[in-house]
Structure formats: structure tokens, C-alpha cells
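Structural characterization, general
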Amino acid sequence: MTALLEIEDLTVAFNGARPVIDNLSLEVAPGEVVALVGESGSGKSMTAMSVTRLLPPAARMSASTLRFDGTDLLTAPDARLNKIRGDHIGMLFQQPKRMLDPTATVAQQVGEPLRRHLGMSRKAAHEHAVELLADVGIAEPERRAGSYAHQLSGGIAQRVMIAIALAGRPELLIADEPTTALDVTVEVQILQLLAAKRAQYGMAMVFISHDLRVVASIADRIAVMYAGRIVETGTADQILNAPQHPYTKALTTCSTLCCNDDGSLYVIPGDVRSAQEITAGCRFQPRCEVAREHGIQAKCRGEEPALEPCGDGSASRCWVTIDRKGPERSDDSGKGAAA
Ligand SMILES: Nc1ncnc2c1ncn2[C@@H]1O[C@H](COP(=O)(O)OP(=O)(O)OP(=O)(O)O)[C@@H](O)[C@H]1O
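- The name an unreviewed UniProt entry gives the protein chain is Peptide/nickel transport system ATP-binding protein, with Ruania alba as the organism.
- Regarding the protein chain, the UniProt comment filed under Sequence similarities (unreviewed entry) reads as follows: "Belongs to the ABC transporter superfamily."
- Quoted verbatim from the Subcellular location (unreviewed entry) field of the UniProt record, the comment on the protein chain reads "Cell membrane".

1. Here we look at the site of the ligand
- Taken together, the neighbourhood of the ligand is formed by 13 residues, with V20, S40, K44, S45 and M46 sitting nearest.
- The residue inventory of the shell around the ligand, partitioned by class, reads five nonpolar, seven polar and one charged.

2. Concerning the environment of A291
- Inspection of the secondary structure puts A291 in helix α12 (residues 289–294).
- With 210 residues separating them along the chain, A291 and L81 place their C-alpha atoms 44 Å apart.
- Residues in contact with A291, not counting those within four places in the same chain, are Q285, I296, Q297 and C300.

3. Quick look at the packing of helix α4 (residues 106–118) against helix α7 (residues 154–166)
- As a packed pair, α4 and α7 sit with axes 8 Å apart at the nearest point and diverge in direction by 25°. Relative to α7, the element α4 lies roughly parallel. Judged by residue contacts, V106, Q109, V110 and P113 of α4 engage V160, A163 and I164 from α7.
- Across the contact of α4 with α7, the residue classes tally to six nonpolar, one polar and no charged.

4. Structural notes on the packing of α4 against helix α5 (residues 122–135)
- Contact geometry of α4 with α5 gives a least axis separation of 8 Å together with a crossing angle of 115°. Considering the angle they form, α4 stands roughly perpendicular to α5. By crossing handedness, the relation of α4 to α5 is classed as right-handed. From α4, V106, A107, V110, G111, L114 and R115 reach across to α5, where they touch R122, A125, H126, H128, A129, V130, L132 and L133.
- The residue inventory of the contact of α4 with α5, partitioned by class, reads nine nonpolar, three polar and two charged.

5. Structural notes on the sheet that holds strand β8 (residues 172–176)
- Pairing is mixed across the open sheet formed by eight strands, whose spatial order is β7-β8-β9-β3-β10-β11-β13-β12. What marks the edges here is a single partner per strand, and that holds for β7 (89–92) and β12 (308–309).
- Strand direction decides the pairing type here: β8 and strand β9 (residues 204–209), joined by five bridges, are parallel. Within β9, the residue paired with D176 across the bridge is I208.
- Of the strands in this sheet, β7 and β8 touch α7, which is tilted by about 165° from β7.

Reading the values: the criteria
Residues numbered from 1 in each chain as written. Predicted model: local features only at pLDDT ≥ 70, side-chain atom pairs only at ≥ 80, totals over all residues. UniProt positions renumbered as here; feature names shortened; annotations may be inferred. Near = placed C-beta within 6 Å. Nonpolar A, V, L, I, M, F, W, Y, C, P; charged D, E, K, R; others polar. Helix = DSSP H or I, 4+ residues; strand = E, 2+ residues; numbered from the N terminus. Contact = placed C-beta atoms within 7 Å. Axes fitted to C-alpha atoms, helices over the stretch in contact; angles between N-to-C directions. Parallel < 35°, antiparallel > 145°, perpendicular 65-115°, else oblique. Left-handed = near helix turned anticlockwise from the far one by under 90°. Pairing = 2+ DSSP bridges.

Structure (C-alpha cells):
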């Protein structure tokens, strides 16, 4: 099937420093939910901002392919990009109350894309905005339509943001940590709403989260990011139940709130910033317990492994998983997945 979103060899760097996204490739099929998972600073948001071409001005981006539904996003003029962002790619962010305009009512904000992109009159946009609020599960939508951001709870504000993002019936929704700022019960409700809307409209999603638990219920496929690289990719089932890469395994342990022998909560030793100092070898190596256990730190320090297919449709960037497969490994295409 032709990919809806195609990213090949995406690299993003700031001020000539080491790239924060390094040769990343990813495809999203129509209707598919792909989760990007990794610790803070691994490059998830920069990947999303590259797709919408909304990177900070200081960022320098390159890619061999960046295509959405046949449109080359690298060369598309601003007017076309604006239209794609409004009509075809919806966006959700972490702090819904901050993303809303404090000076406009809910109805004005939900109605704005309807007027701008669909050419609706003020009255028609208001009526449709109320319908959209009801559609995302907001009780008393008429009353809520007249509310301002400061009058909304975080969960209602995120429902409003979802109504805005889905107003143009986008083919792709990019959701960047959409539930991180919400409490657990509201988080579940928002995840259920997104899953329902995805089923209703058949839209694809790039769902960004630092938490594997959160993406478990919604993702078809998961790409695990570490220090600007995809280190493992596979179906949600593969990543959650049979992770290959030591970093994914460590994230899985964290997400199950596992305890160490002494009863303390398991955390991955070290932090992602240590990867900035790595100039050769695997970026996760300084934190990798598996490399230590296998006594292969020298190899891991010497050369960075490629993202290699694991034989079951998943792929992992780790010398341990590559060695396990022996010398007949296939090439590092990463197609249909990520590199
Ligand atoms: N304006 C900027 N100038 C320089 N570096 C930046 C800028 N914005 C982001 N970065 C760096 O880019 C890297 C990737 O950031 P990004 O926001 O994509 O990470 P993330 O995985 O989404 O984490 P988080 O969930 O914390 O946003 C980080 O090291 C970050 O410090």
C-alpha cells in the first residue's frame, strides 16, 4: 500500500551542533497509528515538527524524502503547506489550555478552521462547532461553546483541541504527548476518544509519548527513539511483549513500574544527555546493561550498529540482536518501518 506519510533520511540540527534527528526514516500507512516513543530529548517532537514544517527558525533540516499523500513537503510552497496543515494534518499538543487562545470563545476557535478552510459563514461555523463539541463528548455543548480557556478543565480543553484538530477531517493526526498533562482517568478517556475517532474517520496517527503504557492501547506500530535515532521498530505487540533492543526492554521495565531487589523503583541508569558525548559506536552503550553483561562494550563503543530486520517484521539497532541472527543478516532498508 502507498504510504500516506513518507520520511526518508531526515536530519535536523541546531547551530551546526550534532544532529538532534539523525537520518531517520519512517512510513505511516493510511489509517495506521504509529507511536514514537522515547525519553525526553530523544527527538520525537522535532520529528513531528519536521513533518508539519514548523521547526524553530534556528533548526536546519534535510531529508531525501518528506512526502504526505503525494505532496512533496520539502518543496511545497507556504500556501500549500498551510492548507495541508489545516485540512489534511491535524495537530494535538501536551498543554491544551495553553494552546487555546485565552481571548476567544471555544466556538470561535473550533469554528475558525471551518470558516478559513471550508469557507463556512459565521453562523454555519458556530452551529457546526457545537456539533463538533458534542461529537467529542462534551456535555452541554451549547453552553461550552461560549466558554473561554480558563473556564475549562484540562480534559475538556483537550477535547476542544481534538474538535479543532478534526474539524477538517484530516487524513493524519499528529498527537504530541496529548495526555501527559492530564490525570490518569482523564487520560484514559482521551485515549478512548482518539481511538473512537480514528475508527470513525479512518485517519492515521503519529502518536508521540514517553510512556509505552500510554501507546499500548492505541498504536498499531511503535518506533522507539533514542538520541535522534530509531533504535527499534515493530508492531505494538512485538515491541510491548517481545522487545529486542536493550533500551526498549528498559523502557518496558520502567513502564510496568518494576522494582529493583531493594524495593526501589527501576529507572534506566544515566540519562539521554550522555548520548550527546558519543562520537562513535552505539549511542545507548554508556547506559546499556546488556552490553556489560555480554562483555561487548568495546564493540558497542567502536561502531554504531545499523537498524537490522529481526526476521519477524521488526527491526533493532543493537549488536546483541544482530549477532544472534548470525552472518546472513539482510540489508538496512528499514522500509515499511523506520531507519
Ligand atoms: N530550539 C532549540 N535549540 C536547540 N536545541 C533544541 C531546540 N529545540 C529542541 N532542541 C533539542 O532537540 C533535541 C530533541 O528535542 P525534542 O523536543 O524533539 O525531544 P522529545 O523527544 O520530543 O522530548 P520532549 O518530550 O521533552 O519534548 C533535544 O536535545 C533538545 O534539547
